[in-house]
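Coordinate analysis (summary)
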Amino acid sequence: TRAMSYLLPHLKSGWHVDQAILTEEERVVVLRFGRDADETCMRMDETLASVADKVKNFAVLYLVDIDEVPDFNTMYELYDPCTVMFFFRNKHIMIDLGTGNNNKVNWAMDDKQEFIDILEVVYAGASKGRGLVVSPKDYSTKYKY
């Protein structure tokens, strides 16, 4: 797989990550933490890159290299090769995916429409002030820890 990471903006420091989360008033901020060269990240980045234009009215997507920007690794428990997290108006939005981990998506989502569906649910819930939303699909059987 060719790395699709070059199609998406990279946040190069903790300050840039904070600014991205703090300054976006209208849209969900999607952060993919990981390494561009990692296979899981490459698959996730392909999904992110392909939906970025379709969701641009309500979501903005960024990549963060966990080696280059280790600032959040402990705080967000970024121990997986690839982690996607959602923020809205400077608040971490949790999502119940049925996996027992509501903080993040930590696998590659290859189904682009499924990811768009998740983003729409996050946006709808977050804009109503919810800090936890329920995924339209249950991933408990697909991704066991």
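Scroll up a little and you will see the structure.
Note that the structure is a prediction, hence the values are computed from the model and not measured.

The next point concerns the pairing of strand E3 (residues 82-88). With seven of seven residues buried, E3 is to be regarded as a mostly interior element. Because side chains alternate across E3, one face comprises the buried residues Cys-82, Val-84, Phe-86 and Phe-88, and the other comprises Thr-83, Met-85 and Phe-87, equally buried. Pairing of strand E1 (residues 28-34) with E3 involves six bridges; the strand directions are antiparallel. Residue pairing across strands places Val-29 opposite Phe-87, the latter belonging to E3. Bridge count between E3 and strand E4 (residues 91-96): three bridges; the pairing is antiparallel. Paired with Phe-86 across the bridge in E4 is Ile-93.

Moving on: the packing of aromatic side chains. Each pair of aromatic rings is reported with the distance of its centres and the angle of its planes. One pass over the full model with this rule turns up eight aromatic pairs. With a centroid separation of 5.7 Å and 50° between ring planes, the pair formed by Tyr-76 and Phe-87 is classed as tilted. Taken together, the positions of Tyr-76 in the loop between strand E2 (59-65) and E3 and Phe-87 in strand E3 put the pair eleven residues apart, joining distant regions of the chain. Note on Trp-107 and Tyr-139: the rings are 5.3 Å apart at their centroids and 45° apart in plane angle, and the pair reads as tilted. Of this pair, Trp-107 sits in the loop between E4 and helix H3 (112-127) while Tyr-139 is found in the segment after strand E5 (132-134), placing the two residues 32 residues apart along the sequence. By relative accessible area, which is 5% here, Trp-107 ends up buried. Overall, Tyr-139 belongs to the buried group, its relative accessible area being 1%. What links up through ring pairs into an aromatic cluster is the set Phe-33, Phe-72, Tyr-76 and Phe-87.

Attention now goes to the side chain of Thr-47. Mapped onto the elements, Thr-47 comes out in helix H2 (residues 39-51). Under the relative-accessibility criterion, Thr-47 is labelled buried at 1%. When near neighbours in sequence (up to four residues on either side) are disregarded, Thr-47 contacts Met-109, Asp-110, Asp-111, Lys-112 and Phe-115.

Interaxial distance between H2 and H3 falls to 10 Å at its minimum, and their mutual angle equals 70°. Taken together, the axes of H2 and H3 lie roughly perpendicular to each other. Read as a crossing pair, H2 and H3 show a hand that is right-handed. Here H2 contributes Met-44, Thr-47, Leu-48, Ser-50 and Val-51 to the contact with H3, which in turn contributes Lys-112, Phe-115 and Ile-116. Here the residues of the contact of H2 with H3 are counted per class, giving five nonpolar, two polar and one charged.

The topology assignment puts Leu-8 in the segment before helix H1 (14-23). Judged by relative accessible area, Leu-8 falls into the buried class, the value being 7%. Once the C-alpha coordinates of Leu-8 and Ala-52 are considered, the two residues, 44 residues apart in sequence, prove to be 8.3 Å apart. In contact with Leu-8, other than residues within four places in its own chain, are Asp-45, Leu-48, Ala-49, Ala-52, Leu-61 and Leu-63.

Reading guide: rules and limits
Numbering of residues starts from 1 in each chain and follows the order in which that chain's sequence is written. Totals for whole chains, interfaces and linings use every residue, but because this is a predicted model, local features are given only for residues with pLDDT of at least 70 and side-chain atom pairs only at 80 or more, for both listing and counting. The basis for the side-chain values is all heavy atoms of the structure; hydrogens and waters are excluded. The buried label applies to any residue whose accessible area, calculated with a 1.4 Å probe on protein chains only, is under 20% of its type's maximum; exposed applies above 50%, and partly exposed to all values in between. Going along the chain from the N terminus, every DSSP run of H or I of four or more residues is numbered as a helix, and every run of E of two or more is numbered as a strand. Strand pairing is assigned whenever DSSP detects at least two bridges linking the two strands. Each pair of aromatic rings taken from Phe, Tyr and Trp, with Trp reduced to its six-membered ring, is defined by centres within 6.5 Å and is described as stacked if the planes are under 30 degrees apart, edge-to-face if over 60, and tilted in the remaining cases. The contact definition used throughout considers only heavy atoms, calling two residues in contact when any of these lie within 4.5 Å. For helices, the fitted line uses only the C-alpha atoms of the stretch in contact; every axis is such a line through C-alpha atoms, and the angle between N-to-C directions lies from 0 to 180 degrees. Angular relationships are summarised with four words: roughly parallel below 35 degrees, roughly antiparallel beyond 145, roughly perpendicular across 65 to 115, and oblique for the angles in between. Throughout, a crossing is termed right-handed when the near helix is turned clockwise from the far one, and left-handed when it is turned anticlockwise from it by less than a right angle. Three residue categories are used. Nonpolar comprises Ala, Val, Leu, Ile, Met, Phe, Trp, Tyr, Cys and Pro, charged comprises Asp, Glu, Lys and Arg, and polar comprises the others, including Gly.

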